[in-house]
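Structural characterization, general
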Amino acid sequence: MDKIFIIGNWKCNPTSLKKASNLFNSIRRGIEDVKNAEVVICPPFVYLSLLGAPSFARRRASYGGLVFGSQNCFREERGAFTGEISPLMLKDLGCKYVIIGHSERRSHFLEKDAEINKKLKAVLKQNLRPILCIDKISQIKRGIKGILKSQIKKIIVAYEPIWAIGTGKACSFSQAKRFNLSIKKVLGKKHPVLYGGSVNSQNALGYIKESKFQGLLIGGASLKPKEFIKIVKLLSKSSY
Ligand code: PEP
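Residues numbered from 1 in each chain as written. Predicted model: local features only at pLDDT ≥ 70, side-chain atom pairs only at ≥ 80, totals over all residues. Heavy atoms only, no water.

1. Brief notes about the layout of surface pockets
Here the largest pocket defines a volume of roughly 400 Å³. As for the largest pocket, its lining consists of 18 residues, of which K11, Q71, N72, R105 and F109 are closest to the centre. Among the elements that line the lining of the largest pocket, the one with the most residues is helix α5 (residues 103–108), at three residues. Along the lines of polarity and charge, the residues of the lining of the largest pocket split into eight nonpolar, six polar and four charged. (1 Å grid on protein atoms, 1.4 Å probe; cavity = no way out; pocket = protein on both sides within 12 Å on 5 of 7 lines; lining within 4 Å. Points joined across faces, edges and corners; volume = space filled by probe spheres on them. Helix = DSSP H or I, 4+ residues; strand = E, 2+ residues; numbered from the N terminus. Nonpolar A, V, L, I, M, F, W, Y, C, P; charged D, E, K, R; others polar.)

2. A word on the sheet that holds strand β5 (residues 129–134)
Taken together, the eight strands give a closed barrel; going around it, the order is β1-β2-β3-β4-β5-β6-β7-β8, and neighbouring strands pair in parallel fashion. For this sheet the average axis-to-axis angle between neighbouring strands, irrespective of direction, equals 25°. The strands touched by helix α6 (residues 113–125) are β4 (95–100) and β5; relative to β5, the strand with the most contacts, the crossing angle is about 160°. (Pairing = 2+ DSSP bridges. Axes fitted to C-alpha atoms, helices over the stretch in contact; angles between N-to-C directions. Contact = heavy atoms within 4.5 Å.)

3. Notes on the environment of G30
Tracing the sequence through the fold places G30 in helix α1 (residues 17–30). Residue classification places G30 among the buried positions, given a relative accessible area of 16%. With 75 residues separating them in the primary sequence, G30 and R105 have C-alpha atoms 30 Å apart. With near-sequence residues (within four places) excluded, G30 lies in contact with I229 and K233. (Buried < 20%, exposed > 50% of the residue type's maximum accessible area, 1.4 Å probe, protein only.)

4. A short note on the environment of H108
Residue position: H108 is located in helix α5. Sequence separation of H108 and L217 is 109 residues, and the distance between their C-alpha atoms is 19 Å.

5. Re the site of the ligand
Looking at the ligand, there are 14 residues lining it, with K11, H102, E160, G166 and S198 nearest. Contact distances for the ligand include 2.7 Å between an oxygen atom and a side-chain N or O atom of E160. Separating an oxygen atom of the ligand from a backbone N or O atom of S198 is a distance of 2.8 Å. Burial of the ligand by the surrounding chains reaches 96%, relative to a free accessible area of 290 Å². Within the shell around the ligand, the residues separate by chemical class into four nonpolar, eight polar and two charged. (Near = heavy atom within 4 Å. Polar contact = N/O pair within 3.5 Å; in protein donor to acceptor, adjacent residues only side chain to side chain. Areas by Shrake-Rupley, 256 points an atom, 1.4 Å probe, with all protein chains shown as cover.)

6. Observations regarding the pairing of β4
By the criterion of burial, β4 is predominantly enclosed, with five of the six residues buried. Sheet topology note: the strand β3 (residues 66–70)/β4 ladder contains three bridges and is parallel. Counterpart to S70 in the pairing with β4 is V98. Handedness of the β-α-β unit built from β3, helix α4 (residues 87–92) and β4 comes out right-handed. As judged from the four bridges shared by β4 and β5, these two strands associate in the parallel manner. Its bridge partner being in β5, V98 is matched across the sheet by P130. (Right-handed = clockwise from strand over helix to strand, strands pointing away.)

Nothing here speaks to function; it is all geometry.
Below, the structure written as structure tokens:
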């Protein structure tokens, strides 16, 4: 099996640099010796530089699989767009991944597939890897419209049933597997697909072993260092 992806989405947390540093340092120390997993930490934009994203990108080899990603980005590179952060800036800061179309962006900020499509193109243009969150197959088709096949391959898809996000009601392994297979029917058997929605250390392995996902997108549990480290270790030690 290809490398497992474990994405930690901190959302709008924690609320101070001190707390963010403590959280990050605990995770970094806890997974120092982990191999065979790409662990992507996605903190709020304001912490990226302060947590050392640029130097992590330069000295990647010495930190196992730990890299930085962002939770969102703007569709343009630069210009008169007050308050926005572009993929070019994220690349310069050392990000390797960008979450696009998270259900909280879709619901709270009314992001539509057409906008998500533009963001995907902007991220791919900078040679960053987008993590496209969906909970319906139609969102893939509209999201990748006009993107070359060679570029589509670089998009990691995260299946996140809305009702499972942050609710403690994780999707059953069998239902998640069915959705995984439906996504692969559209994008190809080997396309990287992740699961997200109330993942914890009890259910994490099941999504890999039983539902055959290539990794996980983790919200709440990524803010609990012990739990997150446990998940990373469980997944990186197992053979599938
Ligand atoms: C998420 O933020 O995408 C997510 C899946 O959150 P949680 O793990 O808390 O359900």
